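Descriptive analysis of the structure
Given next are the chains, with one letter for each unit.
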Amino acid sequence: QLQLVESGGGLVQPGGSLRLSCAASRATLDSYAIGWFRQAPGKVLEEVSCISISGSSTHYANAVKGRFTISRDNAKNTVDLQMSSLKPEDTGSYFCAANRAQRNQAMCTPDYWGQGTQVTVSS
């Protein structure tokens, strides 16, 4: 059964950068679209980004567009989220999540979730 583990979270100052990684085990990611989601304390979960199996198609939330980049390396069985120009409102728990999808569709409707990694943007 697919398992996902996030890493790379931490404390960063506004304007800084952070790279999150999602590593899969027990199965390979080459059959799954992968999304990054985040949740601030007491707030609703929101989709941050989504990438197709092939990597050819991506989606970004308006709030992060131009600042975040999602990428994947199916050979390494990982998906990364490069976050730049971080703002305090980016603070929250970040989760990677997976679902089967058409190869070139960046459509994230997760069936599998990681446990999350905390990102705190504060001075």
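Heads up: these notes are all about the structure in this document. (Residues numbered from 1 in each chain as written. Predicted model: local features only at pLDDT ≥ 70, side-chain atom pairs only at ≥ 80, totals over all residues. Heavy atoms only, no water.)

**Comments concerning the state of the cysteines**
Summed over the entire model, instances satisfying the criterion amount to 2 disulfides. Between Cys22 and Cys96 runs a disulfide, and the two sulfur atoms are separated by 2.1 Å. The chirality of the disulfide connecting Cys22 with Cys96 is right-handed, given an S-S dihedral of about 65°. Here Cys22, found in strand β3 (residues 18–25), pairs with Cys96, found in strand β9 (residues 92–100); they are 74 residues apart in sequence, far enough to count as distant. Judged by its relative accessible area of 0%, Cys22 falls in the buried class. Residue classification places Cys96 among the buried positions, given a relative accessible area of 0%. What pairs with Cys50 in a disulfide is Cys108, and their sulfur atoms sit 1.9 Å apart. The S-S bond linking Cys50 to Cys108 shows a torsion near 90°; that makes this disulfide right-handed. (Disulfide = S-S within 2.5 Å. Helix = DSSP H or I, 4+ residues; strand = E, 2+ residues; numbered from the N terminus. Buried < 20%, exposed > 50% of the residue type's maximum accessible area, 1.4 Å probe, protein only.)

**Things to note about the pattern of salt bridges**
Applying the stated criterion to the full structure yields 4 salt bridges. With its nearest N and O atoms 2.8 Å apart, the salt bridge here joins Asp90 to Arg38. Linking Asp90 in the loop between β8 (78–83) and β9 with Arg38 in strand β4 (residues 32–39), this pair joins segments that are 52 residues apart in sequence. The two residues Asp90 and Arg38 agree in class, both being buried. One network of salt bridges, with partners in common, ties together Arg38, Glu46, Arg67 and Asp90. (Salt bridge = Lys/Arg side-chain N within 4 Å of Asp/Glu carboxyl O.)

**Side note on the nonpolar core**
Inside soluble globular proteins, nonpolar side chains tend to come together where they are buried. With 26 residues, the main nonpolar core has Trp36, Leu81, Met83 and Tyr94 as its most contacted residues. Of all the secondary-structure elements, those providing two or more residues to this core are β3, β4, β5 (46–51), β7 (68–73), β8, β9 and β11 (117–121). The element that contributes the greatest number of residues to this core is β3, accounting for 4 residues. Contact partners of Leu81, with chain neighbours within four places excluded, come to Leu18, Arg19, Leu20, Trp36, Val48, Ser49, Phe68, Thr69, Ile70 and Tyr94. Counting residues in hydrophobic clusters, the runner-up holds 6 residues, among them Phe37, Ala97, Ala106 and Cys108. (Core = buried A, V, L, I, M, F, W, Y, C linked by side-chain atoms within 4.5 Å. Contact = heavy atoms within 4.5 Å.)

**Digging into the sheet that holds β8**
An order of β1-β3-β8-β7 is seen for the 4 strands of this open sheet, with the pairing classed as antiparallel. Where the open sheet ends on each side, the last strands, each with one partner, are β1 (3–7) and β7. Direction aside, the axes of adjacent strands within the sheet are offset by 15° on average. Judged from the 6 bridges that link them, β3 and β8 form a sheet pairing that is antiparallel. When the bridges of β8 are listed, Arg19 appears paired with Gln82. (Pairing = 2+ DSSP bridges. Axes fitted to C-alpha atoms, helices over the stretch in contact; angles between N-to-C directions.)

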